[in-house]
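Spelled out from the first residue to the last, the chains are:
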Amino acid sequence: MEEVTKTVLAEEILKRLDLENLCSVACVSTTLRSAVVSDVLPSLTALDLSGFSPEEETLNHVLRGCVGLRSLTLNCLRLSVAAVRGVIGPHLQELHLLRCSLLNSTVLSSIGTLCPNLRVLTLEMADLDSPVVFQANLTQMLNGCPYLESLQLNIRGILVDATAFQSVRFSLPETLKSLRLQPLLESEAILLMNRFKVTGSCLSNTALLSPSPSFALQSLSLVLDLISDRLIVAITGSLPQLVKLDLEDRPEKEPFPDNDLTYTGLQSLGYCQQLTSLSLVRTCYNRKISFKRINDMGIFLLSEACKGLESVRLGGFPRVSDAGFASLLHSCRNLKRFEVRGASLLSDLAFHDVTGSSCSLQEVRLSTCPLITSEAVKKLGLCSNLELLDLGSCRSISDSCLNTVSALRKLTSLNLAGADVTDSGMVALGKSDVPIMQLSFRGCKRVSDRGISYLLSNEGTISRTLSTLDLGHMPGISDRAIHTITRYCKALTELSLKSCFHVTDSSIELLATRERQTEGGSKQLRKLNVHNCVSLTTGALRWLSKPSFAGLHWLGLGQTRFSGRRETVTATICEQRPWLTLCFDGCELGCYDGWEFHTPQRH
């Protein structure tokens, strides 16, 4: 150690490590601790702590030496406004506050007061304030951050008041290039577009000039109560320079025919000649409300008007058939990302000649499309650049396409949730060289322990690359599958066993001792979901406590025998591990979905 100079140690070794490894290294010796504290932490300009949810003491301890930060990302699941206020300041130019289940809107006024130099702000909040209070704090924040270039404000909850952003149009800085608001009324969005149009134009003595370069919004993302022709026309008329447009609506009742999206709205998108990314989604939980006035003709008009699209995402278009979707694949020659949700008329025919038109496809998501079968996957297999394939809830997908999937040499993410694949189909994936990192078999009832063995023990690439695995809602999964996983999956960091009724305490023991069981060592598990694993007993508590699962950041324990002893379990498991989040609410891994319903007692 004495032969290694301090400079070489910091520059060539320590600065290449992530924060968690730096903390581990600092515990080895006083020399290394000194190098980390004095040389590495002060030199950090960006820090991402979204992977776990620290409490205030841990956060302050980590950030104490990071005096040079310009960018900060926090998982705020367990942080108060006071905790956030204590770590932000004028040094920050980029701030992302995610999953803020405890923060009220006073954090906005704090940001406006303490962070005048912000260029980028992302804030995910639960609905904790009245619209009047929220608007006052939002106005103060916007007035205090005059240089914002990117603003994302997402308010989530059951009955979120969509008038929260009613006054936002009066305070947005002209430096803004990217904007996302959730939720927003259609009427308010139209007024906002008019504000952009007025602000973006100036009068000379003789004529109305083109939009001023001082206000050139390029990316717009809105979650609304309604997407209509009026809204689309207002957007394209005010922001012809848009590059990305992402619109989602959640109407509570069927829109009136003259106030819905029609061909007129889709055709007007052609005015945005620089548009490369388009998302139009209608999401209606437990209600059959969709874009009923759009059929294939509407998509034909869209494909002709927007041939430069590189990313297309459509949801809630049940009257569009293969002809409409195929027109997008053929017209958009540079299409890289193609996503369709809930298209009941989309079948394999849409992809019949996909290689003749969309060889550039890198990501394909076909979610809940009942007519999609393995034949469509075989056609997509000819797209050699495919990196992501999501076939979630396409229940006619079978083993016959898995040989095709196994030939996709760039595929890193595969979702077969709800597919009709079997144990036999796992052989092809298990022997292939496909470098899959994220894999979901959720709800695949014909895949059992034997299939997992075929997948991981056949010396294919997947056993070395797999980092995230979802085996939730699979009745054929038991302790035997977990034994296979602990033996072969060295890179696994996230595992979901949600509602696997035959997983017992033995599985927890196997996962807890995984590092010693795997030859050559393995990465530590970061997220584990055993929600509704009813065969677990409180005896597994000894394996969930220290020193086991040393790297665990998130643990889902809802609807198990631990739920009735929540306080005891939390005290036992989280002792000396303040960074660990226990979730009893049934969230997905990391509380990415559902965090807005958390209460302080549930963290």
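As a reminder, the structure under discussion sits directly above these lines.
Residues numbered from 1 in each chain as written. Predicted model: local features only at pLDDT ≥ 70, side-chain atom pairs only at ≥ 80, totals over all residues. Heavy atoms only, no water.

Trainee: Quick question: what am I supposed to make of the overall build of the protein here?
Mentor: When its secondary structure is counted, the protein shows 22 helices and 20 strands. Compactness check: the protein gives a C-alpha radius of gyration of 26 Å against a globular reference of 25 Å for 603 residues, within 12% of the reference. On the principal axes, the C-alpha backbone points of the protein span a range of 75 × 60 × 50 Å. Classification of the 603 residues of the protein by burial places 56% in the buried group. Accessible area of the protein: about 25500 Å², with a carbon and sulfur share of 51%. Across the protein, the 60 positively charged side chains and the 59 negatively charged ones have centroids separated by 1 Å. (Helix = DSSP H or I, 4+ residues; strand = E, 2+ residues; numbered from the N terminus. Rg over C-alpha atoms; globule rule 2.2 N^0.38 Å. Buried < 20%, exposed > 50% of the residue type's maximum accessible area, 1.4 Å probe, protein only. Areas by Shrake-Rupley, 256 points an atom, 1.4 Å probe, with all protein chains shown as cover. Lys, Arg positive; Asp, Glu negative; His and termini not counted. Charge placed at Lys NZ, Arg CZ, Asp CG, Glu CD.)

Trainee: Teacher, can you tell me more about empty space enclosed by the protein here?
Mentor: With a probe scaled to a water molecule rolled over the atoms, the places where space remains empty come into view. Per the stated rule, a full pass over the model turns up three cavities of 30 Å³ or more. In this model, the second largest cavity occupies a volume close to 50 Å³. Along the walls of the second largest cavity sit S50, G51, F52, S53, N75, L77, K527, H553, W554, T581 and G590, which together make up its complete lining. For the lining of the second largest cavity, the per-class residue count stands at three nonpolar, seven polar and one charged. (1 Å grid on protein atoms, 1.4 Å probe; cavity = no way out; pocket = protein on both sides within 12 Å on 5 of 7 lines; lining within 4 Å. Points joined across faces, edges and corners; volume = space filled by probe spheres on them. Nonpolar A, V, L, I, M, F, W, Y, C, P; charged D, E, K, R; others polar.)

Trainee: Looking at this structure, I do not really get the nonpolar core. What am I missing?
Mentor: Note on soluble globular proteins: their nonpolar side chains tend to be buried together. Ranked by internal contacts, the top residues of the largest apolar core, which has 180 residues, are I111, F338, F351 and L366. With five residues, the top contributor of residues to this core is helix α8 (residues 186–199). Setting aside residues up to four positions removed in sequence, L366 forms contacts with F338, V340, L346, F351, I372, L380, D390, L391, G392 and C394. Membership of the second largest hydrophobic core comes to eight residues, among which are L77, A126, W554 and C583. (Core = buried A, V, L, I, M, F, W, Y, C linked by side-chain atoms within 4.5 Å. Contact = heavy atoms within 4.5 Å.)

Trainee: Looking at this structure, I do not really get the environment of V530. What am I missing?
Mentor: With respect to the element layout, V530 can be found in the loop between β18 (527–529) and α21 (541–544). For the pair V530 and S506, spaced 24 residues apart in the sequence, the C-alpha separation amounts to 13 Å. The contacts of V530, once residues within four sequence positions are left out, are L497, I508, L536, G556, L557 and T560.

Trainee: Any chance you could explain unusual backbone geometry here in plain terms?
Mentor: Excluding glycine, most residues fall at negative phi; most peptide bonds, likewise, are trans. With an omega dihedral of 0°, the bond running from Q182 to P183 counts as a cis peptide bond. Following the sequence through the fold, P183 ends up in strand β6 (residues 178–184). Along the chain, K546 connects to P547 via a cis peptide bond; the corresponding omega equals 5°. Along the chain, P547 falls in the loop between α21 and β19 (554–556). Within the chain, E459 stands out as a residue other than glycine whose phi angle is a positive 65°. When you line up the elements, E459 lands in the loop between α16 (449–456) and α17 (462–465).

Trainee: Would you mind going over the pattern of salt bridges with me for this structure?
Mentor: For side chains bearing opposite charge, pairing can occur when the charged atoms are close. Under the definition given, this model contains 17 salt bridges. The partner of D260 in a salt bridge is R282, with the nearest N and O atoms 3.0 Å apart. Of this pair, D260 sits in the loop between β8 (244–249) and α10 (263–268) while R282 is found in strand β9 (residues 277–282), placing the two residues 22 residues apart along the sequence. The two residues D260 and R282 agree in class, both being buried. The network of salt bridges with common partners includes D246, R313, E339 and R341. (Salt bridge = Lys/Arg side-chain N within 4 Å of Asp/Glu carboxyl O.)

Keep in mind that these numbers describe shape and distance, not what the molecule does.
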